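# Examination of the molecular architecture
Spelled out, the chains give:
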Amino acid sequence: MLLVRVRPLWARLRPIWGGEGAGAAWLGVGVAVAALAGLALQLLGLRVLDDGAYATFVFGLGIGNVAAALASAIQPVVAVRVGAPQSAFLPATPLVIGIAAIVTGGLAAALLAPRVGLLVAVLALLQVPVHAVVGVGVGRLQGRRAFGAIAAAVVLQVGFRIAVVLPPILGGHGSATVFVLALPASLLATLVLLLVVRAYRGTDWRVTTDGRRLLGHYALWALFAWVINADAVVARLLLSAEDADAYALAFTLGRQPLYVVAPLTTVLLPVALAAHAAEQRERLRAVFAVSALVLVGTVLALGVWTEPIIGLLTGDPASGDPTLVRGYAVVGPLAAAATLLLTFGFALGCAPRLRALALLTAGGALAATVVDGPGALLLLQAAVMAALVALCAVLAIRATAPAGR
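Reference entry: report on the structure contained in this document. (Residues numbered from 1 in each chain as written. Predicted model: local features only at pLDDT ≥ 70, side-chain atom pairs only at ≥ 80, totals over all residues. Heavy atoms only, no water.)

### Concerning the overall build of the chain
What the chain contains, in helices and strands, is 15 helices and zero strands. Against the 2.2 N^0.38 benchmark of 22 Å for 405 residues, the chain shows a C-alpha radius of gyration of 21 Å, consistent with a compact globule. Once the C-alpha set of the chain is aligned to its principal axes, its extents read approximately 60 × 55 × 40 Å. Out of the 405 residues belonging to the chain, those deemed buried represent 49%. Considering only contacts within the chain whose residues lie at least 6 apart along the sequence, 84% involve residues at least 24 apart. Only carbon and sulfur atoms are counted for the fraction: they give 69% of the accessible area of the chain, which is about 18300 Å². (Helix = DSSP H or I, 4+ residues; strand = E, 2+ residues; numbered from the N terminus. Rg over C-alpha atoms; globule rule 2.2 N^0.38 Å. Buried < 20%, exposed > 50% of the residue type's maximum accessible area, 1.4 Å probe, protein only. Contact = heavy atoms within 4.5 Å. Areas by Shrake-Rupley, 256 points an atom, 1.4 Å probe, with all protein chains shown as cover.)

### A short note on the environment of Arg140
Turning to its location among the elements, Arg140 is positioned in helix H5 (residues 118–143). Classification of Arg140 as buried rests on a relative accessible area of 10%. Between the C-alpha atom of Arg140 and that of Gly202, which follows or precedes it by 62 residues, the distance is 9.1 Å. If we ignore the near neighbours within four places in the chain, the residues touching Arg140 are Val78, Val82, Ala199, Arg201, Gly202 and Thr203. In this structure the side chain of Arg140 is engaged in a polar contact, spanning 3.5 Å, whose partner is the backbone oxygen of Gly202. (Polar contact = N/O pair within 3.5 Å; in protein donor to acceptor, adjacent residues only side chain to side chain.)

### Details of the packing of helix H8 (residues 211–238) against helix H9 (residues 241–254)
Relative orientation of the contacting elements H8 and H9 amounts to 160°, with a least axis distance of 9 Å. The angle between H8 and H9 falls in the class roughly antiparallel. You can see that H8 and H9 cross each other, and the crossing is left-handed. Only Ala244, Tyr247 and Phe251 of H9 make contact with H8, whose side of the interface consists of Asn229, Asp231, Ala232, Ala235 and Arg236. Here the residues of the contact of H8 with H9 are counted per class, giving five nonpolar, one polar and two charged. (Axes fitted to C-alpha atoms, helices over the stretch in contact; angles between N-to-C directions. Parallel < 35°, antiparallel > 145°, perpendicular 65-115°, else oblique. Left-handed = near helix turned anticlockwise from the far one by under 90°. Nonpolar A, V, L, I, M, F, W, Y, C, P; charged D, E, K, R; others polar.)

Next up, the structure:
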């Protein structure tokens, strides 16, 4: 009876990955291993860091998440253009991009240094350009359907972080700086792996002829990345050390749904791009079904076993805020649903306009300046995520509506 029920559900979800089931499986295994390694790193951080140091580490992770999303915006563009007549993907020359990265990174480091220290700010921001270069290599692998190599890169990135932090911890010198250092160091190790597997072979580094349109795509994904990660950065900058640590723990646990849907978003874009228009409504239903399953599963897991999970990670069930964790059990799945919907809409050409996302970003940033605690920040993030999901869903429903409606 159970198999009879599972099979129709599996068939209902299959449109998300289409004919790329093997690729989704490879990525699923890689992301699962990386997620476990990531939780192990979080466990080390929770046990070793205190007095706001853990929040500083999560601040670095937040910057890394923005950088990863920027790379994920570059990756599909590169993948789609592998072997295509228009294979260039750079909106400007590498020299101009490099100068812009240095200037922007320097200004950002100067702004963040008073709160987190110059070294931490520089290390955290270094993730952005390195992640972008890694995104190009992963996009090349995706275009060649080398999903096994992509999975290996994912595992290496998280595993190398543990390799960096373990020696100082065992020597009694674990600190937030060491944990933040592990973030760009792991990306550099991943870059070496990509070079070894010749991911950049045949890359066209010339300026593309449709650079303005591509800049809009990159900006859209960069803003989206900021919207779903901004609260981790804001928590570290505006809340007290104790409140920031509590919020960081909720952020860590509630963000697991994004890792669950990561393999699906990787295969969803090329599958949706190659599909016929008549198939897209069924694919959208599958996206909604996955989003609902992730929401229910996360709420059940974090809502029922909140204290034991907090105790497992921190060693003290009373060290976290169960209300924040339960709240993020809703916010996290909303972020995962928004990621799936935006990926789907991007493939169909019905993603939100850059102006709409900019207004949502500006509104959230303005409201964040008056938050008076972690609970208010959580409610603000929930409202922003709900608005983003609703916007992407409406656009996708309209785009997939049968002709004549």
